[in-house]
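Listed below, chain by chain, are the residues.
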Amino acid sequence: MDQVRMDQARMDQARTDQPAMTPAATTQPAMTQAAHKPRRRLSKGMYILPSLFTTANMALGYYAMLEVLHATVAEYWHLDNAAKAIGFAVLFDGLDGRIARMTGTSSDFGRELDSLADAITFGVAPAMLAWKWGFYLMPAVLLTDWTNNWHVKLTQLGAIASFLFLMAGASRLARFNITSNPQPSNPGRPGKKYFVGMPIPAGAGVIAAVVHFSEGDPIASVWSCVTWMLIIVAAGYLMVSTWRFYSFKDIDFRSRQPFRLIILFGALFAGIWFFSRYLLFVLALTYMASGVVWRLLWIFRRKNTPPPSYKEASQTS
């Protein structure tokens, strides 16, 4: 019994020696948890921001398709509205990826949603626009059987060319989703500085820029129709090619001296505002031709480069 009493006394003494928990100490963990909750909510809300730009991209593509359906020979300005919608969608597509990278909110859901939106806005909508502007609304100049026959044939060939553009764009998106660390076939350092093949927003931008340059007025000659068909097929081929195109991802918007970027973007926006038809037409075709030029330069450079020295193997007895 004495031993039990001594053990009980030691336990009571140990309890009295422990420091009492102050109110600040008891409330500190609760305050820490309360401080973390707004941060978690804020981080979850940041994931919605890139998806909002992707949704705007998809909405513009849907609007472009509606404008294409409403276009007629008398009301061809609907085609110009569709081209403008695709142009704004290119801007939103660039912003959602940039914002996701800057805020660290990239996710698998966002990438899949972006791919589906690109297939609609930069695949289906431009294909419909290219077909209706360049082939379906082309008037028959002469009322002869030969002219009417060619008009029907060109309309059918234009539908095939537009479908090839759509298939090339979808294939380009699928290849981009499954490829990790792509490397262009022609010279250039691998990484994020170059795209492997022309991106689908640029291909859609070529179609939209050409239509906007004409203010939506449909093609009225056979030779212009054939040229337009070749442009569509060339844009589709460049998208599925392995040629390099500049990605603009190495531009650092968080640099300490962004004065050059401010001046450049200010001049670009002013030029688009006042001379959108001509400037967008030149920019789209220049970007499309840049991959071809780099490819040709690589071919000529490879031809002029002497082959490595050949050493005959020594013959042994």
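Since this is a predicted model, take the numbers as computed values, not measurements.

Quick word on the pattern of salt bridges
And step 1. Evaluation of the coordinates by the stated rule reveals two salt bridges.
And step 2. One salt bridge in this structure joins K84 and D80, with 3.9 Å as the shortest N-O distance. Placement of the pair is K84 and D80 together in helix α4 (residues 77-103), with a separation of four residues, close to one helical turn.
And step 3. The exposure class assigned to K84 is partly exposed, which follows from its relative accessible area of 38%.
And step 4. On the basis of relative accessible area, D80 is assigned to the buried category, the value being 10%.
And step 5. E215 is paired through a salt bridge with R277; the nearest N and O atoms lie 3.4 Å apart. Linking E215 in the loop between α7 (200-213) and α8 (222-240) with R277 in helix α9 (residues 259-304), this pair joins segments that are 62 residues apart in sequence.
And step 6. Using a relative accessible area of 25% as the deciding quantity, one classes R277 as partly exposed.

Quick word on the packing of aromatic side chains
And step 1. All chains considered together, the criterion is met by eight aromatic pairs.
And step 2. A centroid spacing of 5.7 Å and a plane angle of 85° characterise the contact between F213 and Y278, whose relative ring orientation is edge-to-face. Here the residue F213 occupies a position in helix α7, and Y278 occupies one in helix α9, the gap between them amounting to 65 residues.
And step 3. We classify F213 as partly exposed; its relative accessible area is 29%.
And step 4. Here Y278 falls in the partly exposed class, since its relative accessible area comes to 47%.
And step 5. By way of ring pairs, the aromatic residues F213, Y278 and F281 are connected into one cluster.
And step 6. Sitting over the face of the ring of W294, R244 holds its NZ or CZ atom 4.7 Å from the ring centroid.

Some remarks on the nonpolar core
And step 1. In this structure, L79, I86, L129, M198 and W228 are the most contacted members of the largest nonpolar core, which totals 48 residues.
And step 2. Within the residue set of this core, elements represented by two or more residues are α3 (48-70), α4, α5 (108-136), α6 (145-178), α7, α8 and α9.
And step 3. Take this core: its biggest share by element is nine residues, from α7.

Quick look at a nonpolar patch on the surface
And step 1. On the surface, a cluster of nonpolar side chains totalling about 540 Å² of accessible area is made up of L157, I160, F163, L164, M167 and V233.
And step 2. Looking at the nonpolar patch, the element that brings in the most residues is α6, giving five residues.

Re the packing of α4 against α7
And step 1. Here α4 crosses α7 at 150°, and the two axes come no closer than 9 Å. For the pair α4 and α7, the sense of crossing is left-handed. Contacts between α4 and α7 involve L79, D80, A83, K84, I86, V90 and D93 on the former and, on the latter, P201, A204, A208, V211 and H212.

Brief notes about the confidence of the model for the chain
And step 1. For the chain, the mean per-residue pLDDT works out to 78, and 71% of the residues sit at or above 70.
And step 2. Across the chain, the element-wise mean pLDDT spans from 49 in helix α2 (residues 23-46) up to 95 in α7.
And step 3. With pLDDT under 50 throughout, residues 20-32 is counted as low confidence; its partners more than four residues away or in other chains account for one contact.
And step 4. Confidence drops under a pLDDT of 50 for residues 308-317, and excluding neighbours within four residues, the segment shows zero contacts in the predicted structure.

The rules behind the values
- Residues numbered from 1 in each chain as written.
- Predicted model: local features only at pLDDT ≥ 70, side-chain atom pairs only at ≥ 80, totals over all residues.
- Heavy atoms only, no water.
- Salt bridge = Lys/Arg side-chain N within 4 Å of Asp/Glu carboxyl O.
- Helix = DSSP H or I, 4+ residues; strand = E, 2+ residues; numbered from the N terminus.
- Buried < 20%, exposed > 50% of the residue type's maximum accessible area, 1.4 Å probe, protein only.
- Phe/Tyr/Trp six-rings, centres within 6.5 Å; stacked < 30°, edge-to-face > 60°.
- Lys NZ or Arg CZ within 6 Å of the ring centre and 35° of its normal.
- Core = buried A, V, L, I, M, F, W, Y, C linked by side-chain atoms within 4.5 Å.
- Patch = residues over 30% accessible without salt bridge, like charges linked within 9 Å, V, L, I, M, F, W, Y side chains within 5 Å.
- Areas by Shrake-Rupley, 256 points an atom, 1.4 Å probe, with all protein chains shown as cover.
- Axes fitted to C-alpha atoms, helices over the stretch in contact; angles between N-to-C directions.
- Left-handed = near helix turned anticlockwise from the far one by under 90°.
- Contact = heavy atoms within 4.5 Å.
- pLDDT = per-residue confidence, 0-100.

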